[in-house]
Amino acid sequence: MPNSPIDAENGTEADSVRTAETLFDVVQRLVADDGASLAELAAELDYAKSTVHRHLHTLEELGYVVRRGDGYHVGLRFLEIGVTARGSYRGYDLVREKVEEIAEVTGERAQFFVEEHGKAVYLARAVGDRAVRTDPGIGSRIPLYAASAGKAILAELSDPELSDMFERMSFEPVTAHTITDPDELRAEIEAGRERGYYFNREESLLGTHAVGVAICGPDGDVIGGLSVTGPSHRLDGERLESELPKLLLGAANELELNIAHS
């Protein structure tokens, strides 16, 4: 990457793309570090301080970055964008209410994922009174194949769509229990299609289990996946394999009906 941004009107298209990439490198680093100084950003990104400063100045002028005593931080302008993006998903308010209800009933953590660029993205989540607060938060992404709700989303794809998705996946392990063999994952998806629900046994976080189901729209396309997560010693046996799947399947049916008629 170049050491200085290039004016889009004077530079080539490739130069403009690299400039945009540099801008987002700065933003993503600020998010990952929860703020940083100019010197820290330049060192971590291996850009000249002048380059980083120009990007920071632009972001600050537009309201996307703020300066505080310990350095630069992402601004609340991103919150406006995030809320708009989240609200654009069909039935979001209904989904959020159902997630909160499930968390209260189970005492565990409930969440709703959507697929974006081959990842499972947390769109809504709530914690019950016994929940272990282990999730990375709204907007965080994990591989679809490592989440029960992610497997549920994959299962709703047609076979050609599923094969295409598999081609684009890296299948890198999240834990030692993550299924990274495409044939094994496909077999698990087929088994889940027969029963209607899917499991995650320490595949995204050691010590936790989850069960998930898909949520589909009235035209049959998958909207996202709903799941419950908890410590493996509590989400095991009949509770994991019968009680919670029954609860989630009922919730999914109710949610799909409400979305169809909203």
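Quick summary incoming for the structure in this document. (Residues numbered from 1 in each chain as written. Predicted model: local features only at pLDDT ≥ 70, side-chain atom pairs only at ≥ 80, totals over all residues. Heavy atoms only, no water.)

Things to note about unusual backbone geometry
Our working definition: Going along the chain from the N terminus, every DSSP run of H or I of four or more residues is numbered as a helix, and every run of E of two or more is numbered as a strand. When accessible area is computed with a 1.4 Å probe and restricted to protein chains, residues below 20% of their type maximum are described as buried, those above 50% as exposed, and intermediate ones as partly exposed.
Backbone geometry places Asp46, a non-glycine residue, at a positive phi of 60°. By secondary structure assignment, the location of Asp46 is in the loop between helix 2 (38-45) and helix 3 (49-61). Residue classification places Asp46 among the exposed positions, given a relative accessible area of 67%. One non-glycine residue, His117, lies in positive phi territory at about 55°.

What about the packing of helix 5 (residues 92-106) against helix 9 (residues 237-260)?
Note the cut-off: The axes used here are C-alpha line fits, helices contributing only the stretch in contact, and every angle between their N-to-C directions lies in the interval 0 to 180 degrees. By definition in this entry, angles of less than 35 degrees are roughly parallel, angles greater than 145 are roughly antiparallel, angles of 65 to 115 are roughly perpendicular, and the rest are oblique. Definitions for this section: a left-handed crossing has its near helix turned counterclockwise from the far helix by less than a right angle. A right-handed crossing has that turn clockwise. A contact between two residues is defined here by any heavy atoms of the two lying within 4.5 Å. Residue polarity is assigned by list, with Asp, Glu, Lys and Arg as charged and Ala, Val, Leu, Ile, Met, Phe, Trp, Tyr, Cys and Pro as nonpolar; anything else, Gly included, falls into the polar class.
For the pair helix 5 and helix 9, the least separation of the axes is 11 Å and the interaxial angle reads 155°. In terms of their interaxial angle, helix 5 and helix 9 are classed as roughly antiparallel. For the element pair helix 5 and helix 9, the recorded crossing hand is right-handed. For the pair helix 5 and helix 9, contact is made by Leu94, Val95, Lys98, Ile102 and Thr106 and by Arg239, Leu244, Leu247, Leu248, Ala251, Glu254, Leu255, Asn258 and Ile259, respectively. Across the contact of helix 5 with helix 9, the residue classes break down as nine nonpolar, two polar and three charged.

Considering the side chain of Ser148
One can find Ser148 in helix 6 (residues 148-155). A relative accessible area of 2% places Ser148 in the buried class. Not counting residues up to four positions away in its chain, the partners in contact with Ser148 are Tyr198, Phe199, Asn200, Ala210, Val211, Gly212 and Ser227.

A word on the sheet that holds strand 6 (residues 198-201)
So the rule is basically this: For two strands to be treated as a pair, DSSP must find no fewer than two bridges joining them.
Spatially, 5-4-3-8-7-6 is the arrangement adopted by the six strands of the open sheet, whose pairing is antiparallel. Across the chains shown, the open sheet's two edge strands, defined by having one partner strand only, are strand 5 (141-143) and strand 6. Each neighbouring strand pair of the sheet contributes to a mean axis angle of 35°, computed without reference to strand direction. In this structure, strand 3 (residues 109-116) lies alongside strand 8 (residues 222-231), joined through five bridges in antiparallel fashion. By the bridge assignment for strand 8, Phe113 is matched with Gly225.

Considering the packing of aromatic side chains
As a reminder, the rule being used: Only rings of Phe, Tyr and Trp enter the pairing, Trp through its six-membered ring, and a pair is recorded when the two centres are within 6.5 Å. The plane angle decides the type: under 30 degrees is stacked, over 60 is edge-to-face, the rest tilted.
Enumeration according to the criterion identifies five aromatic pairs in this entry. Between Tyr64 and Phe78 the ring centres are 5.0 Å apart and the planes differ by 55°, which places this aromatic pair in the tilted class. One end of the pair, Tyr64, is in the loop between helix 3 and strand 1 (65-68); the other, Phe78, is in helix 4 (residues 77-87), and 14 residues separate them in sequence. By relative accessible area, which is 19% here, Tyr64 ends up buried. Taking the centre distance of 5.4 Å and the plane angle of 85° together, the rings of Phe166 and Phe171 count as edge-to-face. Each member of the pair Phe166 and Phe171 is classed as buried.

What to know about helix 7 (residues 159-168)
To keep it simple, the criterion reads: Our arc is simply the arc of the directions from the helix axis toward the C-beta atoms.
Turning to helix 7, its buried residues are Leu162, Met165 and Phe166. Buried residues of helix 7, viewed axially, fall in a sector of 100°; they line one side. Away from the buried face of helix 7 by more than 90 degrees, exposed residues Pro160, Glu167 and Arg168 are located. At its buried positions, helix 7 is contacted by strand 3, helix 6 and helix 8 (182-195).

Some words on the packing of helix 2 against helix 3
Running from N to C, helix 2 and helix 3 point in directions that differ by 120°, and their axes come no closer than 9 Å. In this structure, the crossing between helix 2 and helix 3 has a hand that is right-handed. Counted together, Leu38, Ala39, Leu41 and Ala42 of helix 2 and Lys49, Val52, His53 and Leu56 of helix 3 form the full contact between these two elements. Split by residue class, the contact of helix 2 with helix 3 holds six nonpolar, one polar and one charged.

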